[in-house]
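What follows is the residue order along each chain.
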Amino acid sequence: MCGIAGVVTTGRPDPSLVRRMCDVLAHRGPDGEGFHEDAHAALGMRRLAIVDVPGGGQPVYNEDRSVVAVFNGEIYNFPALRRELRDRGHRLATNGDTECLVHLYEDFGDDLVHRLRGMFAFAIWDGRRRRLLLARDRVGKKPLYWRSDGGTLWFASELKALTRDPAARREVDLVALHHYLTYQYVPAPWSILRGVHKLVPGHLLSWQDGVAVTRRYWRIDCTPREVTSEEEAAEELRGRLLDATRVRMVGERPLGALLSGGIDSSAVVAAMARYSTGPVKTFSIGFDEESLDERRYARMLARHYATDHHEMVVTSSALEVLPALSRHYSEPFADSSSIPTFYVARMSGAQVTVVLNGDGGDELFGGYLRYLLMARAGRIPVFPVLRGPLDRAGSALAARGAPRSGLQRAGRVLGLLGHPAPRRHARLMSYFTSAEKTALYSDPLRARLAKIDSHDLLDDAFAASRADSVLGRVMDVDINTYLPGDLLVKMDTATMANSLEARSPFLDHHLMEWAAGLPPGLKVRAGTTKYLLKKAVAPWLPPELLTRPKMGFGVPLARWLRTELADLSWDVLTDHTARSRGLFRPEAVRELLRRHANGHDHGSRIWALLQFELWCRAFLDPPVPGIDHGPTARP
């Protein structure tokens, strides 16, 4: 892994603590490291150098060393920023992007973030004012954790780096656990540890005289605007995607692309081929279950552009990676597609240092099938008096269906009809319902969380949206919740763990801001998702890719948990160690496992519990020599 870490205090910081924190960030021989110490701040970093490899060490300083910065990420417009800074009289000692931060801070203060095009998490220490500034990029591609006791503030790119402080508490935040079980990830600003926070994407944190203040500096505006011509809009989309791709191909290290065979990653590869001087290196993952395998579409695009194509198949033997996943993810993370993502990152990292991907295309241009469902459900009136019966009937029907089956979809639709739009979307995004969590919790945990509704998070995101349609608000909510909380965490963790940097052209903020204002009818129309995007990239792609059905990047989780993973899930979730936490009712966990074994699909719920328990054993429990407490016998 790579990243930043530091401590600022009203007294004198412990520089050895920062070094221990940075040791956690090192993986497979980082290209460089650096530390800054003064009377009130100790900052450090480990980096994966992409630009200015020989001279891009950190920390970086302004001319009189009164301002210092450490930085994780990439600033794509750094050549223009460097020219501007030189014109303003600054002396630049390096050829990279990080040094721009200290000089931009001198000239623009906290508003420097508005000048940056890229992905970033950075810390700037202003020695004269004894003031720290933390920032996270607009969408949340790079992580940043922090905690404060008033007189001292600690920050790091990874949660486990903060636990290197012996004084740090290792206690589960029960509210964060409550939200995790609903969404498969811990949403910002929570972290799974009490007292530790994630800086929300698009936010700044300033610390001075022991006081920490956070504020938002960017939010995407989904207010729709008029589009005079579909053809002109399609042409502009192509131009913006080409530009966003071009700037992400800058660097001094080998470059490739993650190619799923979907429209988004295929469009990125097509754009890369227009700028690449040789064949683009492409990397794909497949499965031995045909309904999940997209390799034939990836091969189609690879042949179309004569890429240097590489692929592998993920089978149940890939489950050997579970211990590694528990180590690399700072928090419990239950998106099972982290398994193939980790493998494609490992395969890519053996040949290149940077990969481009299609993340963000679905959220910006209306790619998920649930958007079609929400658009259609928006025309159906709400029946609040039937909410309870509809919920129960829908849950029972969905549980009988196989994953992605018509029966499962019908059950989910039935359960939506008693709820308003925000709660319909929340139910589609939920893995445990409120009732299922209540049945799972021990009595003390149920009492502690009785008044906390995880769906309030999406209600608040709906209320904050400026979109004027249900579909527009749903997409806005996903950009502010699911995208940074799940998809970007999955990609950044998998790639950084393999000394690989992922770049996402669709998440260029210029492209995002333009796309956010498109009318919903240009995104989802007459049963078609990504209407405008498909129109725009049609000249670039084989026709079969434009009409292919949507497939999720999933794994055969339900089958694995009934076969190869069955014994592991029973052993880990029912042994003495798991029971002794006192969080879940043992009989409820066993019932969930039994029902899944008997054909009901509870795979995602069991996986969430399994990932939480494995995370606890990796980060909370003291090492136990030999074999852990014996498992409960499986009935």
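This structure is a prediction, so every number in the text was calculated from the model and none was measured. (Residues numbered from 1 in each chain as written. Predicted model: local features only at pLDDT ≥ 70, side-chain atom pairs only at ≥ 80, totals over all residues. Heavy atoms only, no water.)

Asker: Is there a simple way to think about unusual backbone geometry in this case?
Answerer: Generally, phi is negative for residues other than glycine and the peptide bonds are trans, each holding for most cases. In this structure, P189 follows A188 across a cis peptide bond, with omega equal to 10°. Within the secondary structure, P189 is located in the loop between helix 5 (174-183) and strand 10 (197-198). One non-glycine residue, R65, adopts positive backbone phi at about 65°. Within the secondary structure layout, R65 lies in the loop between strand 4 (60-61) and strand 5 (67-75). Of note in this structure, Q184 is not a glycine but carries a positive phi near 80°. Structurally, Q184 is set in the loop between helix 5 and strand 10. (Helix = DSSP H or I, 4+ residues; strand = E, 2+ residues; numbered from the N terminus.)

Asker: So what exactly am I meant to see when it comes to the pairing of strand 12 (residues 211-216) here?
Answerer: Every regular strand shows the same layout, with side chains that alternate between the two sheet faces. Looking at chain direction, strand 11 (residues 203-208) and strand 12 are connected through six bridges and run antiparallel. By the bridge assignment, L205 is partnered in strand 12 with T214. Hairpin remark: strand 11 followed by strand 12, antiparallel, with two residues in the connecting loop; positive phi at D209, about 55°. (Pairing = 2+ DSSP bridges.)

Asker: Help me understand the packing of aromatic side chains, please; the structure alone is not making it clear to me.
Answerer: To describe a pair of aromatic rings, you give the distance between the ring centres and the angle between the ring planes. This structure, assessed with the given rule, holds nine aromatic pairs. Centre to centre, the rings of Y329 and F333 are 4.9 Å apart; their planes meet at 5°, and the pair counts as stacked. Aromatic ring contacts, followed pair by pair, group Y368, Y371 and Y482 into a single cluster. The aromatic ring of Y368 is capped on one face by R370, whose charged end is 4.2 Å from the ring centroid. R548 extends its terminal NZ or CZ atom over the ring of Y297, reaching a point 4.1 Å from the ring centre. (Phe/Tyr/Trp six-rings, centres within 6.5 Å; stacked < 30°, edge-to-face > 60°. Lys NZ or Arg CZ within 6 Å of the ring centre and 35° of its normal.)

Asker: I keep staring at the sheet that holds strand 11 and nothing clicks. Help me out?
Answerer: In any sheet, the strands associate via hydrogen bonds between backbone groups, in a parallel or an antiparallel arrangement. Taking strand neighbours across the sheet as the criterion, the six strands line up as 4-5-6-7-11-12 in an open arrangement whose pairing is antiparallel. Each edge of the sheet is formed by a strand with only one pairing partner; in this case those strands are strand 4 and strand 12. By the bridge criterion, five bridges tie strand 7 (residues 131-136) to strand 11 in an arrangement that is antiparallel. Its bridge partner being in strand 11, L133 is matched across the sheet by S206. Across the sheet, helix 3 (residues 99-108) is in contact with strand 4, strand 5, strand 6 (118-126) and strand 7; its angle to strand 5 comes to roughly 125°. (Contact = heavy atoms within 4.5 Å. Axes fitted to C-alpha atoms, helices over the stretch in contact; angles between N-to-C directions.)

Asker: Explain the sheet that holds strand 16 (residues 354-356) here, please?
Answerer: With parallel pairing, five strands are arranged side by side in an open sheet as 15-14-13-16-17. Strand pairing shows two members of the sheet lacking a second neighbour, strand 15 (308-314) and strand 17 (501-503), which therefore form its edges. Direction aside, neighbouring strands of the sheet carry axes that sit 30° apart on average. Pairing of strand 16 with strand 17, which is carried by three bridges, proceeds in the parallel orientation. When the sheet's bridge partners are listed, V355 is paired in strand 17 with A502.

Asker: When you look at the environment of L458 in this model, what are you seeing that I'm missing?
Answerer: Here L458 shows up in helix 18 (residues 456-464). Linking L458 and P422, residues 36 residues apart in sequence, is a C-alpha distance of 6.7 Å. Non-local contacts of L458, meaning those with residues more than four positions away in its chain, are made with Y183, H425, A426, M429, V477 and T481.

Asker: Got a minute to help me understand the pattern of salt bridges in this structure?
Answerer: Taken as a whole and judged by the stated rule, the model has 42 salt bridges. Between D64 and R128 there is a salt bridge, and its shortest N-O distance comes to 2.3 Å. Taken together, the residues D64 in the loop between strand 4 and strand 5 and R128 in the loop between strand 6 and strand 7 connect sequence positions 64 residues apart. Accessibility expressed as a relative area gives 42% for D64, which makes it partly exposed. Between R503 and E501 there is a salt bridge, with its nearest N and O atoms 2.7 Å apart. For the pair R503 and E501, one class covers both residues: buried. It is possible to trace a salt-bridge network through shared partners that takes in R117, D243, R246, R248 and D508. (Salt bridge = Lys/Arg side-chain N within 4 Å of Asp/Glu carboxyl O. Buried < 20%, exposed > 50% of the residue type's maximum accessible area, 1.4 Å probe, protein only.)

Asker: Explain the environment of L546 here, please?
Answerer: With respect to the helices and strands, L546 occurs in helix 23 (residues 543-547). Taking the C-alpha atoms as reference, L546 lies 27 Å from I339; in sequence the two are 207 residues apart. Sequence-distant contacts of L546, defined by excluding residues within four places in its chain, comprise I263, K534, V537, A538 and L541.

Asker: What is the right way to look at the side chain of E613 in this model?
Answerer: Within the secondary structure layout, E613 lies in helix 28 (residues 603-619). Here E613 falls in the buried class, since its relative accessible area comes to 4%. Once residues within four sequence positions are removed from consideration, E613 is found in contact with V572, L573, T577, A578 and R581.

Asker: Looking at this structure, I do not really get the confidence of the model for the protein. What am I missing?
Answerer: Any region with low pLDDT has predicted coordinates that should not be read closely. Of all residues in the protein, 92% attain a pLDDT of 70 or more, and the chain-wide mean is 90. Low pLDDT (under 50) marks residues 28-32, which in the prediction has 12 contacts with non-local residues, meaning those over four places away or in another chain. Low confidence marks residues 625-635, where pLDDT is under 50. Its contacts with residues over four positions away, or in another chain, come to 18 contacts. (pLDDT = per-residue confidence, 0-100.)

Asker: Got a minute to help me understand the side chain of S430 in this structure?
Answerer: Mapping S430 onto the fold places it in the loop between helix 15 (421-428) and helix 16 (434-440). Here the side chain of S430 touches A426 through a polar contact of 2.5 Å, landing on its backbone oxygen. Among the polar contacts listed, one links the side chain of S430 to the side chain of H455, at a separation of 2.8 Å. Residues within four places of S430 in sequence aside, it is in contact with T182 and H455. (Polar contact = N/O pair within 3.5 Å; in protein donor to acceptor, adjacent residues only side chain to side chain.)

Asker: Just checking my understanding: could you explain the packing of helix 10 (residues 338-349) against helix 20 (residues 482-497) for this structure?
Answerer: Contact pair helix 10 / helix 20: the axes reach a minimum separation of 8 Å and the direction vectors enclose 35°. The two elements helix 10 and helix 20 cross, and the hand of that crossing is right-handed. Contact with helix 10, carried on its side by S338, T341, F342 and A345, involves K490, M491, A494, T495 and A497 of helix 20 and no other residues of that element. Per-class residue counts for the contact of helix 10 with helix 20 are five nonpolar, three polar and one charged. (Left-handed = near helix turned anticlockwise from the far one by under 90°. Nonpolar A, V, L, I, M, F, W, Y, C, P; charged D, E, K, R; others polar.)

Asker: Is there a simple way to explain helix 5 in this structure?
Answerer: Structural remark: α-helix, 3.6 residues per turn; residues separated by three or four positions point the same way. Taking burial as the measure, the 10 residues of helix 5 include nine buried ones, the bulk of the element. Three or more residues of helix 5 are buried, namely V175, A176, L177, H178, H179, Y180, L181, T182 and Y183. Turning to helix 5, the residues buried within the fold contact helix 16, helix 17 (443-448), helix 18 and helix 28. Q184 occupies a position one or two residues after helix 5 and carries a positive phi of about 80°.

Asker: Teacher, can you tell me more about the nonpolar core here?
Answerer: Grouped burial of nonpolar side chains is what soluble globular proteins tend to show. Within the largest apolar cluster, 175 residues are counted, with the highest numbers of intra-cluster contacts made by F122, L181, I192, I339, F365 and F584. Top contributing element to this core by residue count: helix 28, with 10 residues. Contacts of L181, omitting those with residues within four sequence positions, involve Y431, F432, K437, L440, Y441, F584, A608 and L609. Counting 20 residues, the second-largest nonpolar core is a separate cluster that includes L43, A123, L134 and L144. (Core = buried A, V, L, I, M, F, W, Y, C linked by side-chain atoms within 4.5 Å.)

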